[in-house]
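Residue strings, one per chain:
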Amino acid sequence: MKQREKGTLRAGLKRSRLAYLFLLPLLVLIAVFLYYPALRGVINSFFDLDILGTSRFIGLANFRELFSDEIFLHSIPAMLKLMLPRLVISVVVPLVMAELIFYLHSSRLQYAFRVLCLLPMVAPGVVSTLIWKTIYDPSSGLAVILARALGFVGPNANVDWLGDKALAIPSIIFMGFPWIGGTAVLIYMSGLMNVAGDLKEASLLDGAGTLRRIFSIDLPLIMGQIRYFLVFGIIGGLQDYGVQIILTKGGPGYETYVPGYYMFKQAFTYNRMGYASSIGTLLFVVIFALTMLVQRLTRSKDGDAQ
């Protein structure tokens with residue numbers, strides 16, 4: 001039996017050798033430019049390494065310092081304050097929009113809304129962030145103009161949205177409003193299109209309302225899409241520090257410092273590549289663990305749905 005399986009495997013490899021030959025350059029490039037840098041980063045975390053390549057093996061010293069570093073420890077709750085609301089927003093808001101568009105009776109309106117959801121992708125992410133910088137201008141930005149018009153502040157008052165400790169994190173979370181630009185809505189809609197029409201008709205005959213249909217039919221059957229946004233939302237939330245680089249520089253004080261930004265500062269401002277690598281390694285471990293947890297939790301729901 002084993003010899004037959006080996007023979008079948010060998011024959012299959014022989015038949016597909018040309019395909020594997022064409023894939024070989026891609027596999028080499030992936031190994032060199034994706035896996036090797038990640039592996040090298042893990043190795044570097046055990047060294048006292050500077051940007052010039054001077055290194056000295058120090059074992060777990062970087063990690064011991066990391067867990068006693070007050071700035072790093074402060075960056076963790078700051079990251080959670082930013083990540084958790086944005087994760088909920090990135091999963092829920094596009095889903096609601098997709099449901100609203102999907103159940104429109106007019107195909108023309110569906111098409112128009114799909115195009116409108118994709119339009120924000122035309123602007124690069126950096127440009128969008130700079131636009132929000134203009135919106136949050138303390139004296140003449142759209143945000144302060146609306147706050148004055150609605151009576152939240154005085155007619156001549158200025159509001160430092162990104163420089164006030166009480167406002168910095170809520171302001172960053174609000175960036176991107178109404179949070180439906182990009183492909184998220186379309187990905188949800190593709191999942192909804194695969195829901196069998198018989199199930200929808202049966203739910204209508206049974207007298208199920210909109211919310212009952214969404215929670216009992218739609219959500220279980222698009223759990224794959226929800227898992228996708230959960231996983232990539234967690235990865236993005238743990239890694240992202242673009243707003244800090246462009247807008248806040250981690251301020252006010254250390255209010256918007258996140259581990260990713262602290263890693264960037266340690267590497268390219270303080271020339272501590274080994275210490276920065278230890279932060280990256282720790283983030284990798286956390287991301288891997290959370291991804292496995294999400295996969296396990298949502299997989300059980302997939303099984304229930306099936």
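The structure under discussion appears in the preceding block.
Note that the structure is predicted; figures quoted are calculated from it, not measured. (Residues numbered from 1 in each chain as written. Predicted model: local features only at pLDDT ≥ 70, side-chain atom pairs only at ≥ 80, totals over all residues. Heavy atoms only, no water.)

## So, the pattern of salt bridges
Working step 1: Summed over the entire model, instances satisfying the criterion amount to 2 salt bridges.
Working step 2: Between R56 and D48 there is a salt bridge, with the nearest N and O atoms lying 3.4 Å from each other.
Working step 3: For D48, a relative accessible area of 39% gives the class partly exposed.
Working step 4: We note a salt bridge from E65 to R272, for which the minimum N-O separation is 3.0 Å. One end of the pair, E65, is in helix α3 (residues 61-66); the other, R272, is in the loop between α14 (259-268) and α15 (273-305), and 207 residues separate them in sequence.
Working step 5: By relative accessible area, which is 31% here, E65 ends up partly exposed. (Salt bridge = Lys/Arg side-chain N within 4 Å of Asp/Glu carboxyl O. Buried < 20%, exposed > 50% of the residue type's maximum accessible area, 1.4 Å probe, protein only. Helix = DSSP H or I, 4+ residues; strand = E, 2+ residues; numbered from the N terminus.)

## So, the nonpolar core
Working step 1: Counting 52 residues, the largest nonpolar core has Y136, W161, V185, Y188, I222 and I226 as the members making the most contacts within it.
Working step 2: Here this core takes 12 residues from helix α4 (residues 70-102), the largest share from any one element. (Core = buried A, V, L, I, M, F, W, Y, C linked by side-chain atoms within 4.5 Å.)

## Here we look at unusual backbone geometry
Most of the time, phi is negative for any residue but glycine, and the peptide bond is trans.
Working step 1: The peptide bond linking F177 to P178 adopts the cis configuration, its omega dihedral lying at 10°.
Working step 2: By the secondary structure assignment, P178 is in the loop between α8 (168-174) and α9 (184-193).
Working step 3: Put simply, G251 and P252 share a cis peptide bond, and its omega is 0°.
Working step 4: Notably, K249 is not glycine yet its phi reads approximately 55°, a positive angle.
Working step 5: In this fold, K249 is placed in the loop between α13 (242-248) and α14.

## Some points on the packing of α4 against helix α5 (residues 107-118)
Working step 1: Where α4 meets α5, the closest approach of the two axes is 9 Å, and the angle between their N-to-C directions is 155°. For the element pair α4 / α5, the angle class is roughly antiparallel. Together, M97, I101 and F102 of α4 and Q110, F113 and C117 of α5 make up the contact between the two elements.
Working step 2: The class makeup of the residues in the contact of α4 with α5 is 5 nonpolar, 1 polar and no charged. (Axes fitted to C-alpha atoms, helices over the stretch in contact; angles between N-to-C directions. Parallel < 35°, antiparallel > 145°, perpendicular 65-115°, else oblique. Contact = heavy atoms within 4.5 Å. Nonpolar A, V, L, I, M, F, W, Y, C, P; charged D, E, K, R; others polar.)

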